[in-house]
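# Breakdown of the fold
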Amino acid sequence: MSDMLTIGDRELTSRLFIGSGKYSSNAVIPAVMEASGAQVITVAVRRVDPEAGQENILAHVPKSAILMPNTSGARTAQEAVRIARLARAAGCGDWVKIEVINDNRYLLPDNFETVKATEILAAEGFTVLCYMSPDLAAGRRMVEAGAAAVMPLGAPIGTNRGLKTREMVRIMIEELDVPIVVDAGIGRPSEACEAMEMGAAAVLVNTAVASAADPVGMARAFGRAVAAGREAWLAGPGAVSELARASSPLTGFLGE
Amino acid sequence: MSFYDVLKSVDMASVASALAAATEADVLRALASERPTRADFLALLSPAAARQLEPMARRAHELTVRHFGRAINLFTPLYLANHCVNRCVYCGFNTHHDINRRQLTLEEVEAEARCIAATGLRHILLLTGEAPRTSSVEYMADCARVLAKYFASLSVEVYPLDEAGYARLLEAGIDGMTMFQEVYDEAAYLPLHPGGPKRDYRFRLEAPDRACAAGFRQVGVGALLGLHDWRSEAFCTGLHADYLQSAYPSVEVNVSVPRIRPQTGGFQPKVEVGDRDLVQYIAALRIFMPRAGITLSSRERPGLRDNLLRLGVTRMSAGVSTSVGGRATGQSDPGQFEISDDRSVAEMAAMFQSQGYQPVYKDWQ
């Protein structure tokens, strides 16, 4: 059965997105991508240095991958827009993950500035994915502004604390007609699997893989967990009941 | 309210007694805390915590990898001038010292920039002594225009400015600043700064506030370890960083942990700060402030820097010269202080890689 994820004009078979920060060496990135099966990789434009030769992170992004530059470091919509334009001018394509953060203690995103940046960049033809604090109203505004997907956080970025925002993310999945990609906070493959079982369109993972003792092994585990969670969602999990329910009803003999 | 008011509200006698009274149980509780308080930070800096260095180091390492990954930012200082009107007893630039005073011309700045850029570094820290008539804000802005062709980001470690001065630098492309208070204890500060504008303790202490208000992206603070009791100075430094992070949430806060080094003038520090003390300070700081940057300079020797890499440090200098114009001309005037690690950028990068860390040359533009 074909189960493609469509974002903008691209169709994806893998629902795991990979982040490229925090690795001991950029050289491990191709192996992480291959092991995970991910097709999308996000790269902080602030670290892209075309003059850096082999040290340039873009040199390690597999040619087949979809590059999703992010605006990490931006504190305002204006800065995010400037970074996105720089990325496109540098040949990074039209996908952009808007990341506007005004808070250096918890690194929580600024949804208001993100909406403003989305309006501008979507109008300029970018495929905009919005990293955000999970909030239905803000998500709606992002969709109205032209977001191709919204990316609510599961927990503060880099914490590996798991899907702490479960209820808010679940509501967004139910209510919004764009792909919901759970981004940030996912620390274990089981948590990625849970997000997918809930109906998330995809999951983005960085710290959990980069800070693992064996990043390539952990990337593989995440790839499998995301695929398993998606399969479970498609299969339609059975209802949860407070009481034990016999598989053969006790009143079946009564007939219709 | 500025940090001056915050610090005034802290009873330093109570800090000293709390440091002395902290127990091993207090330290273990602080180590286990998800959100360490000021009291936890004090416990981690206490003599009692010195017996828990290994678990502290492990916690600091774990938090650093979680929040920063196995990547470390590299930068280098560029001394633009060594003119200074201050009489700081511990500094090689003291106005009474008979050293060759000079300030780089814009052509010389460009020559230095070429040398540094050739190493691959894209972040640079500009330094001057305190001589507003020669090393003026306009001079620094002119230098920034030259340097912008070579570097992705520029920071300054210069004398304290008013808010308009910082705004002018920001407009010229400088968006980071470091201001070492040197000594947070006001009573201890004054005899170490017998003359010059640096005697104005409060104007210096509030400089990071003014830079933040002007819109700087990155602000660094630090005490010069060895000038006063290191535990209480470390506590005040942490309070300063924590205050800045709360008051200006969009600003990236860094803490430097410099130990005093030999310099022209031969000042002998009265307080010994050993390697174990430095490890305790860095680990305590990381546990108290998981997301603050921690900078380690070339004041420390290579072997120690290699080992401190895993304990919480996120930024290191490389290819350092503390002489004015030392790189392009090969001159070796006495610098501001003697460095202990003269490894090149390439050598530092190789060390990081051998330890499983990625050297980051560019992290913002």
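Report on the accompanying structure. This is a predicted model, so every value here is computed, not measured.

### Re the overall build of chain B
Looking only at helices and strands, chain B has 16 helices and 9 strands in total. Here the C-alpha radius of gyration of chain B, 19 Å, is about what a compact globule of 365 residues would show, namely 21 Å. Counting only residues that meet the buried cut, chain B has 64% of its 365 residues in that class. For chain B, the share of sequence-separated contacts (at least 6 apart) that also reach a separation of at least 24 residues comes to 77%. In the structure as shown, chain B presents an accessible area of about 13,000 Å², 52% of it carried by carbon and sulfur atoms. Looking at charge distribution, chain B has the averaged site of its 39 positive side-chain charges lying 3 Å from that of its 42 negative ones.

### Focus on the pattern of salt bridges
The final tally for this structure, using the stated rule, is 36 salt bridges over all chains. For the salt bridge of Asp3 of chain A with Arg230 of chain A, the shortest nitrogen-to-oxygen distance reads 2.9 Å. Residue Asp3 of chain A is located in the segment before β1 (5-7), and its partner Arg230 of chain A is located in helix α8 (residues 215-235); the two are separated by 227 residues in the primary sequence. Residue classification places Arg230 of chain A among the buried positions, given a relative accessible area of 13%. As a salt-bridge pair, Glu79 of chain A and Arg217 of chain B come within 3.1 Å of each other at their nearest N and O atoms. Linking Glu79 of chain A in helix α2 (residues 77-89) with Arg217 of chain B in the loop between α11 (207-214) and β5 (218-223), this pair reaches from one chain into another. Through salt bridges with shared partners, a single ionic network connects Arg259, Asp275, Glu300 and Arg301 of chain B.

### Things to note about helix α5 (residues 166-175) of chain A
Residues and elements named next belong to chain A. For α5, every residue scored as buried is listed here: Val169, Met172 and Ile173. All buried residues of α5 lie within an arc of 100° about the axis, which places them on one face of the element. If you follow the buried residues of α5, they end up packed against β7 (127-132), α4 (136-145), β8 (149-152), β9 (181-183) and α6 (189-198).

### Thoughts on the packing of aromatic side chains
The full count for this structure, using the stated rule, is 10 aromatic pairs over all chains. Measuring from ring centre to ring centre gives 6.4 Å for Tyr90 of chain B and Phe267 of chain B, while their planes differ by 65°; the resulting arrangement is edge-to-face. In this pair, Tyr90 of chain B sits in the loop between β1 (71-79) and α6 (106-117) while Phe267 of chain B sits in the loop between β6 (252-256) and α13 (275-288), placing the two residues 177 residues apart along the sequence. Taking NZ or CZ as reference, Lys97 of chain A lies 5.0 Å from the ring centre of Tyr131 of chain A, over its face. The positively charged end of Arg315 of chain B is found above the aromatic ring belonging to Phe75 of chain B, 4.9 Å away from the centroid.

### With respect to the packing of helix α8 (residues 163-171) of chain B against α11 of chain B
Residues and elements named next belong to chain B. Running from N to C, α8 and α11 cross one another at 50°; their axes reach a closest spacing of 8 Å. With respect to α11, the axis of α8 lies oblique. The way α8 lies across α11 gives a crossing that is right-handed. Between α8 and α11, the contacting residues are Glu163, Tyr166, Ala167 and Leu170 on the first element and Ala207, Arg210, Ala211, Ala213 and Ala214 on the second. Along the lines of polarity and charge, the residues of the contact of α8 with α11 split into 7 nonpolar, no polar and 2 charged.

### Comments concerning the interface of chain B and chain A
Contacts between the two partners involve 31 residues from chain B, matched on the other side by 34 residues from chain A. With both chains or domains summed, chain B and chain A bury close to 2,700 Å², and 36% of this area falls on carbon and sulfur atoms. Considering only the side of chain B, the residues that lose the most area to chain A are Arg66, Arg291 and Gln358 of chain B, jointly responsible for 22% of the buried surface there. If you look at where chain B meets chain A, you find 5 salt bridges. Measuring nitrogen to oxygen at the nearest pair gives 3.0 Å for the salt bridge that ties Arg161 of chain A to Glu34 of chain B. For the side of chain B that touches chain A, the secondary structure elements donating two or more residues are α5 (53-68), α12 (230-247) and β9 (358-360) of chain B. Per-element accounting of the side of chain B that touches chain A gives the leading share, 4 residues, to α5 of chain B. For the side of chain B that touches chain A, a count of residues per class yields 10 nonpolar, 10 polar and 11 charged.

Parameters and conventions
Residues numbered from 1 in each chain as written. Chains lettered and ligands numbered in written order. Predicted model: local features only at pLDDT ≥ 70, side-chain atom pairs only at ≥ 80, totals over all residues. Heavy atoms only, no water. Helix = DSSP H or I, 4+ residues; strand = E, 2+ residues; numbered from the N terminus. Rg over C-alpha atoms; globule rule 2.2 N^0.38 Å. Buried < 20%, exposed > 50% of the residue type's maximum accessible area, 1.4 Å probe, protein only. Contact = heavy atoms within 4.5 Å. Areas by Shrake-Rupley, 256 points an atom, 1.4 Å probe, with all protein chains shown as cover. Lys, Arg positive; Asp, Glu negative; His and termini not counted. Charge placed at Lys NZ, Arg CZ, Asp CG, Glu CD. Salt bridge = Lys/Arg side-chain N within 4 Å of Asp/Glu carboxyl O. Arc of directions from axis to C-beta. Phe/Tyr/Trp six-rings, centres within 6.5 Å; stacked < 30°, edge-to-face > 60°. Lys NZ or Arg CZ within 6 Å of the ring centre and 35° of its normal. Axes fitted to C-alpha atoms, helices over the stretch in contact; angles between N-to-C directions. Parallel < 35°, antiparallel > 145°, perpendicular 65-115°, else oblique. Left-handed = near helix turned anticlockwise from the far one by under 90°. Nonpolar A, V, L, I, M, F, W, Y, C, P; charged D, E, K, R; others polar. Buried area = accessible area lost by both parts, 1.4 Å probe.

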